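Next come the chains, spelled out residue by residue.
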Amino acid sequence: SNLKEVPKLRFNEIREMTEAFRDCVQVKEIDTSGWNTSSLSHLIRTFYNTGLAENPQMDTSNVIYMSGTFESCTGLKRVKNLNTGKVTSISTLFGGCYYLESVDELDASSVSSPISSYSSPLYHCYLLRNFGGLKGMKQSWYADTAFSLSYESLLNIINGLADGVSGKTLTLHQDLVNQLSDDDI
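In what follows, the accompanying structure is described. None of these values were measured; they are calculated from a predicted model.

Parameters at a glance
Residues numbered from 1 in each chain as written. Predicted model: local features only at pLDDT ≥ 70, side-chain atom pairs only at ≥ 80, totals over all residues. Heavy atoms only, no water. Patch = residues over 30% accessible without salt bridge, like charges linked within 9 Å, V, L, I, M, F, W, Y side chains within 5 Å. Areas by Shrake-Rupley, 256 points an atom, 1.4 Å probe, with all protein chains shown as cover. Salt bridge = Lys/Arg side-chain N within 4 Å of Asp/Glu carboxyl O. Helix = DSSP H or I, 4+ residues; strand = E, 2+ residues; numbered from the N terminus. Buried < 20%, exposed > 50% of the residue type's maximum accessible area, 1.4 Å probe, protein only. Contact = heavy atoms within 4.5 Å. Phe/Tyr/Trp six-rings, centres within 6.5 Å; stacked < 30°, edge-to-face > 60°. Core = buried A, V, L, I, M, F, W, Y, C linked by side-chain atoms within 4.5 Å.

Thoughts on a nonpolar patch on the surface
Then step 1. Taken together, Tyr98, Tyr99 and Leu127 make up a surface patch of nonpolar side chains, about 280 Å² in accessible area.
Then step 2. Residue position: Tyr99 is located in the loop between β1 (78–79) and β2 (102–103).
Then step 3. Overall, the relative accessible area of 41% leaves Tyr99 in the partly exposed class.

Structure (structure tokens):
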């Protein structure tokens, strides 16, 4: 797409935004202040391959599907205030966001879709250092290609997985495993 800037838009009751800004690589920010997204349920690959540096601030409290929402956003550095409380699918949420450095805690208590190494929300997030963790995660988790995670971020992930359900596995890159002690696991 040749779109360089998203004009100020007003939306009322958006329900689905699947691939709405896909491949808008020159778009660096989106002003969502005129958007009523309280009815939004689908954010599938919405910002796929855009030039966003941060996630747009919008009401995602009723979103159910966030698969690939920010996938391949190589300019994405920071994700904050992303409400994922009702999201059931987060596969490749940040997949291919090579330069992503920081993500606030995500509520993963409703996630029910299976996650594999290749569909991990953090797949190929090579520079991700600060991750707030996954509140209430009931699935197994893969962080085998997010090998820059800090010690605190690892503990955030472990603590999120430790709550509640047994039988979950956590797959980490060997460099991350080396940061942990027996007491951490």
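Observations concerning the pattern of salt bridges
Then step 1. Applying the stated criterion across every chain, the model contains six salt bridges.
Then step 2. Two residues, Asp23 and Arg22, come together in a salt bridge whose shortest N-O distance is 3.4 Å.
Then step 3. For Asp23, a relative accessible area of 30% gives the class partly exposed.
Then step 4. Residue classification places Arg22 among the partly exposed residues on the basis of a relative accessible area of 29%.
Then step 5. Its salt-bridge partner being Glu71, residue Arg45 comes within 3.4 Å of it at the nearest N-O pair. With Arg45 in the segment before β1 and Glu71 in the segment before β1, this pair connects stretches of sequence that are 26 residues apart.
Then step 6. A residue is classified by how much of its surface remains accessible, and Arg45, at 27% relative accessible area, is partly exposed.
Then step 7. By sharing partners, the salt bridges in this structure join Glu19, Arg22 and Asp23 into a single network.

Digging into the environment of Tyr142
Then step 1. Mapped onto the secondary structure, Tyr142 falls in strand β6 (residues 141–143).
Then step 2. When the C-alpha atoms of Tyr142 and Val6 are compared, they prove to be 34 Å apart, with 136 residues separating the residues in sequence.
Then step 3. Not counting residues within four places of it along the chain, the set of residues in contact with Tyr142 comprises Ile115, Ser116, Ser117, Ser120 and Thr171.

Quick word on unusual backbone geometry
Then step 1. Positive phi values are uncommon outside glycine, yet Asp23 reaches one of about 65 degrees.
Then step 2. Examined against the element boundaries, Asp23 turns out to sit in the segment before β1.
Then step 3. Its identity is not glycine, yet Asn49 carries a phi of approximately 60 degrees, on the positive side.
Then step 4. Within the element layout of this structure, Asn49 appears in the segment before β1.
Then step 5. According to the relative accessible area criterion, Asn49 is partly exposed, its value standing at 22%.

Let's talk about the packing of aromatic side chains
Then step 1. Under the defined criterion, the tally for this structure stands at six aromatic pairs.
Then step 2. Ring centres of Phe21 and Trp35 lie 6.1 Å apart, and the angle between their planes is 5 degrees; on these two criteria the pair is classed as stacked. In this pair, Phe21 is assigned in the segment before β1 and Trp35 in the segment before β1, connecting sequence segments 14 residues apart. The pair formed by Phe21 and Trp35 is uniform in burial state, with each residue classed as buried.

Side note on the nonpolar core
Then step 1. One finds Phe47, Phe70, Phe94, Leu100, Phe131, Trp141 and Leu149 to be the most contacted residues of the largest nonpolar core, which totals 48 residues.
Then step 2. Those elements that provide at least two residues to this core are β6 and α1 (151–162).
Then step 3. The biggest single contributor to this core is α1, with four residues.
Then step 4. Sequence-distant contacts of Phe131, that is, excluding residues within four places in its chain, are made with Val103, Asp104, Leu106, Leu122, Trp141, Leu149, Ser153, Asn156 and Ile157.

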